[in-house]
Amino acid sequence: MDERGEPATIPIEACPLCGKAHVYDVDVEYSKMSYMTAPPARTFTRFFSCPTTGQMFEAPITVSGSVLDLEVKGVHAP
Amino acid sequence: VSGIEVGRPQAISPHNQALYEAGKGILTDSLSVGREFCKFMVGVSTGAIPLYLALLQFALPKDYRPGWGRGALAVLPGALFLAASIVFALGVFPRTSTFSLDVADQIEAARASVIGRRRKLSLAGFALFALASLVSIVVTVAALDVRAPSAPNRPTVVKIVK
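Residues numbered from 1 in each chain as written. Chains lettered and ligands numbered in written order. Predicted model: local features only at pLDDT ≥ 70, side-chain atom pairs only at ≥ 80, totals over all residues. Heavy atoms only, no water.

Q: How should I be thinking about the overall build of chain B in this particular structure?
A: A count of helices and strands for chain B gives three helices and two strands. Secondary structure elements of chain B, listed N to C terminal, follow the sequence β-β-α-α-α. By residue count, 23% of the 162 residues in chain B fall in the buried class. Considering only residue pairs separated by 6 or more positions, chain B has 87% of its internal contacts joining residues 24 or more positions apart. Just so you have it, chain B exposes about 11,900 Å², and 67% of that area is on carbon and sulfur atoms. (Helix = DSSP H or I, 4+ residues; strand = E, 2+ residues; numbered from the N terminus. Buried < 20%, exposed > 50% of the residue type's maximum accessible area, 1.4 Å probe, protein only. Contact = heavy atoms within 4.5 Å. Areas by Shrake-Rupley, 256 points an atom, 1.4 Å probe, with all protein chains shown as cover.)

In C-alpha cells, the structure reads:
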C-alpha cells in the first residue's frame, strides 16, 4: 500500500526547546467514507522533532471532519 | 469541513518519552523478532522428529512391521515436521534488496516487504508444525492399540516309537 495523503503545513510559533518558529510539512490522510453527519473532532498528541536541537517535543493536535491522520514529512523555517 | 488545529507545544513528558522509546523499540526490533522466531522454530521442528520417532517406537510393540498404508501414516508427522522446518528455514534465508538510506520510503518499503514475507512463512510453518503435532499425538495414541504380531506356530514334533 503506497497511498499518499494531501500535503499541508503545521506552523509551530515557538518551539519549546529552541524558541524558534518551525513549519512542519505533513501529509494529511482523509477518510474515504461518506458521513451523514460530521464525525466528532479528535485530539491526540503528536511528537515533533526540533530541527535545531534534534530532540523531541509534543503538541496536541485536534482534527475534525474527515481527517484521519497526519504524517510529518519534513520541517523548515517559516 | 475538515481542519487541523495545533495546541500549545511543550517539552515531551516523561511518560510520553517512555512511550516514544517503546515505539522506537518495537520499530527497530520488528525485523529481528520474526527472524529469531523462524530460527528458533527450525530447531524445534527438526528436534521434534526424533522425539516423535522415539515415542512411536515406545508405543509400538517390538518387531512390529506396518503395512504400506499404516507405514505411510506413521511417517506422516515426521514429514510434516520436516516440511515445517524447511518453511521456517526459508524465513531466515538471506534476501537481497536494494534501497537508499537517504530515501525513507525505500527503507520502509524494504522493511515492510521483509516483515510481510517472514510473517507469511512463519504462519505457514507454524500451521504445519501444529498439524504435525496433532497428527503425531493421534498416531502415537493409536499405536498403543497395536498388538504384537503373533509368533508363528512351531511344527509339532511327533516321535514315532516302534
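Q: Explain the environment of serine 34 of chain A here, please?
A: All names here are of chain A. Within the secondary structure, serine 34 is located in the loop between β2 (22-30) and β3 (42-49). With relative accessibility at 72%, the residue serine 34 sits in the exposed group. For the pair serine 34 and serine 66, spaced 32 residues apart in sequence, the C-alpha separation works out to 8.4 Å.

Q: Got a minute to help me understand the sheet that holds strand β5 (residues 67-76) of chain A in this structure?
A: Hydrogen bonding along the main chain pairs the strands of a sheet, whether they run parallel or antiparallel. Residue and element names in this part refer to chain A. One open sheet holds the three strands; their spatial order is β1-β2-β5, and the pairing between them is antiparallel. For this open sheet the edge positions go to β1 (6-12) and β5, each flanked by a neighbour on one side alone. Going across the sheet, the axis of each strand differs from the next one's by a mean of 35°, ignoring polarity. Examined bridge by bridge, β1 and β2 share seven bridges and lie antiparallel to one another. Bridge pairing in β2 places proline 7 opposite aspartate 27. (Pairing = 2+ DSSP bridges. Axes fitted to C-alpha atoms, helices over the stretch in contact; angles between N-to-C directions.)

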